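Single-letter residue listing:
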There are 4 protein chains.
Amino acid sequence: MSHTTKEKAKLLARIRRLKGQMEAVERALEAEVACGDILNLVASVRGAINGLVVELIEDHIRMHVVDPDMDPDAERAQGAAELIDVVRTYLK
Amino acid sequence: MSHTTKEKAKLLARIRRLKGQMEAVERALEAEVACGDILNLVASVRGAINGLVVELIEDHIRMHVVDPDMDPDAERAQGAAELIDVVRTYLK
Amino acid sequence: MSHTTKEKAKLLARIRRLKGQMEAVERALEAEVACGDILNLVASVRGAINGLVVELIEDHIRMHVVDPDMDPDAERAQGAAELIDVVRTYLK
Amino acid sequence: MSHTTKEKAKLLARIRRLKGQMEAVERALEAEVACGDILNLVASVRGAINGLVVELIEDHIRMHVVDPDMDPDAERAQGAAELIDVVRTYLK
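Nothing here was measured: the structure is a model prediction, and the numbers come from that model. (Residues numbered from 1 in each chain as written. Chains lettered and ligands numbered in written order. Predicted model: local features only at pLDDT ≥ 70, side-chain atom pairs only at ≥ 80, totals over all residues. Heavy atoms only, no water.)

Engineer: Quick rundown of the overall build of chain A? Include the residues and the values.
Structural biologist: Scanning chain A for helices and strands turns up three helices and zero strands. For the C-alpha atoms alone, the extent of chain A along its principal axes is close to 55 × 30 × 15 Å. Per-residue burial for chain A yields a buried fraction of 51% across its 92 residues. Taking contacts inside chain A between residues at least 6 apart in sequence as the whole, the part at least 24 apart equals 55%. With an accessible surface of roughly 4,400 Å², chain A has 52% of that area assigned to carbon and sulfur atoms. Across chain A, the 13 positively charged side chains and the 16 negatively charged ones have centroids separated by 5 Å. (Helix = DSSP H or I, 4+ residues; strand = E, 2+ residues; numbered from the N terminus. Buried < 20%, exposed > 50% of the residue type's maximum accessible area, 1.4 Å probe, protein only. Contact = heavy atoms within 4.5 Å. Areas by Shrake-Rupley, 256 points an atom, 1.4 Å probe, with all protein chains shown as cover. Lys, Arg positive; Asp, Glu negative; His and termini not counted. Charge placed at Lys NZ, Arg CZ, Asp CG, Glu CD.)

In structure tokens:
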């Protein structure tokens, strides 16, 4: 399953980046950086979590429901493609 | 398609309720009700919009992608049921 | 209180625009417009609600807590200005 | 400033818990746990981030704008208390 393995590597890279961002927040708090700057760091963590959620849901749709690029039923493929767009719009 | 008609009536009822809630916000502003009370009214509008979004996405999944209660492929049906749960968790 | 009156007129204009957007969603549903298009209309309603919330909270901060443009205490004025930025970042 | 030190310890404990939750997501992905279960883990990370944001903003209001429990101006103290409630309602 080369696709899944590639996908997994991508998700793990995202999660490690997120852990690095959390450590930056921790260091900033320990160094008593200004509140506003810490809140900006946390805003980027929040954005990164939302990006991870969108990618996980998109993968779930493609692998366990309908892959819009592979499904032989054209209407269902289009429905799945629209669904992926909607998830991106509402969760990013 | 009686299912769609029933679904449509439910969605229209939701939207009319939402319009009523917006009118309550308008009246509260005109009557110069306290900020905090207006923000509480708007919070309920926001909750109602999120409920509408979840219902629209769930209908889209059932009608245009995979209906978990009807699909003959058991794994795909389960994938769609999980997807609906995820949408509810993340968008409510 | 000319500032409040001006602010009130701005908020009422926003709410009337929002009601118009809700009516567009209602008409789209009645006309059985495609799901994806309805979800795009609702996404813009959601964005408009978030904009309204940010404006209401900003007004509340300025009028009932600390107005960063008027407060004689420079540190407190800066704290309030940062707070307004944070609210915009997190709620838009 | 013992209050700040206590507050800082509380925030650091929250962030360490969050890092632990991110590591649980990482292990789940490596162990190829089911998508739905990973998305549930990530939902709890997202909830924890929102809790952290609310606490940071509340601390910012109390320390750099107006502390509702200490401010001699009763109206401003009430405005700040309402603001903290609003932040909790909208960001949790």
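Engineer: Go over the packing of helix H2 (residues 35-65) of chain C against helix H3 (residues 74-91) of chain D with me, naming the residues and quoting the values.
Structural biologist: Interaxial distance between H2 of chain C and H3 of chain D falls to 9 Å at its minimum, and their mutual angle equals 160 degrees. Viewed along their axes, H2 of chain C and H3 of chain D adopt a mutual orientation that is roughly antiparallel. Considering the relative orientation of H2 of chain C and H3 of chain D, their crossing is left-handed. Facing Val-53, Ile-57, His-60, Ile-61, His-64 and Val-65 of chain C of H2 of chain C, the residues of H3 of chain D in contact are Glu-75, Arg-76, Gly-79, Ala-80, Glu-82, Leu-83, Val-86 and Tyr-90 of chain D. Broken down by class, the residue content of the contact of H2 of chain C with H3 of chain D amounts to eight nonpolar, three polar and three charged. (Axes fitted to C-alpha atoms, helices over the stretch in contact; angles between N-to-C directions. Parallel < 35°, antiparallel > 145°, perpendicular 65-115°, else oblique. Left-handed = near helix turned anticlockwise from the far one by under 90°. Nonpolar A, V, L, I, M, F, W, Y, C, P; charged D, E, K, R; others polar.)

Engineer: Describe unusual backbone geometry, listing the residues and the values that go with them.
Structural biologist: Residue and element names in this part refer to chain A. In the Ramachandran plot, Glu-32 falls in the positive-phi region, its phi being about 55 degrees despite a non-glycine side chain. Checked against the element boundaries, Glu-32 lands in the loop between helix H1 (2-30) and helix H2 (35-65). On the basis of relative accessible area, Glu-32 is assigned to the exposed category, the value being 57%.

Engineer: Quick one: what's the story with the confidence of the model for chain A, residue by residue and with numbers?
Structural biologist: Confidence along chain A averages 93 in pLDDT terms, with 97% of residues attaining 70 or more. Across chain A, the secondary-structure element scoring lowest on mean pLDDT is H1 of chain A, at 90, and the one scoring highest is helix H3 (residues 74-91) of chain A, at 96. (pLDDT = per-residue confidence, 0-100.)

Engineer: Help me get a handle on the interface of chain D and chain A, residues and values and all.
Structural biologist: How big an interface is tends to be expressed through the accessible area that disappears when the partners come together. Facing 29 residues of chain D, the contacting portion of chain A comprises 29 residues. Measuring nitrogen to oxygen at the nearest pair gives 2.7 Å for the salt bridge that ties Arg-16 of chain A to Glu-30 of chain D. On the surface where chain D and chain A come into contact, there are twelve residue pairs in polar contact (both at pLDDT 80 or more). Taken together, the elements giving at least two residues each to the side of chain D that touches chain A come down to helix H1 (2-30) and helix H2 (35-65) of chain D. (Salt bridge = Lys/Arg side-chain N within 4 Å of Asp/Glu carboxyl O. Polar contact = N/O pair within 3.5 Å; in protein donor to acceptor, adjacent residues only side chain to side chain.)

Engineer: Please give an account of the relation of the copies chain D and chain A that cites residues and values.
Structural biologist: Take chain D, turn it by 180 degrees, move it 0.0 Å along the axis, and it overlays chain A with an RMSD of 0.0 Å. This pairing of chains is accounted for by a two-fold axis. The C-alpha atom lying nearest the rotation axis in chain D is that of Lys-19 of chain D; the distance is 3.2 Å. Comparing contact sets, 100% of the residues at the interface of chain D also lie at the interface in chain A, consistent with an isologous, same-surface contact. (Least-squares fit on C-alpha atoms with pLDDT ≥ 70 in both.)

Engineer: Summarise the interface of chain C and chain A; cite the residues concerned and give the values.
Structural biologist: The interface is formed by nine residues belonging to chain C together with nine residues belonging to chain A. Buried surface at the junction of chain C and chain A, both sides included, amounts to about 840 Å², of which 61% is carbon and sulfur. If you sort the residues of chain C by the area they bury against chain A, Leu-39, Arg-46 and Tyr-90 of chain C come out on top, with a joint share of 55%. Our count for the chain C to chain A interface comes out at zero salt bridges. Linking chain C to chain A there are six residue pairs in polar contact (both at pLDDT 80 or more). Of all the secondary structure elements, the ones that give two or more residues to the side of chain C that touches chain A are H2 and helix H3 (74-91) of chain C. Per element, the largest residue contribution to the side of chain C that touches chain A is five residues, and it comes from H2 of chain C. Across the side of chain C that touches chain A, the residue classes break down as five nonpolar, two polar and two charged. (Buried area = accessible area lost by both parts, 1.4 Å probe.)

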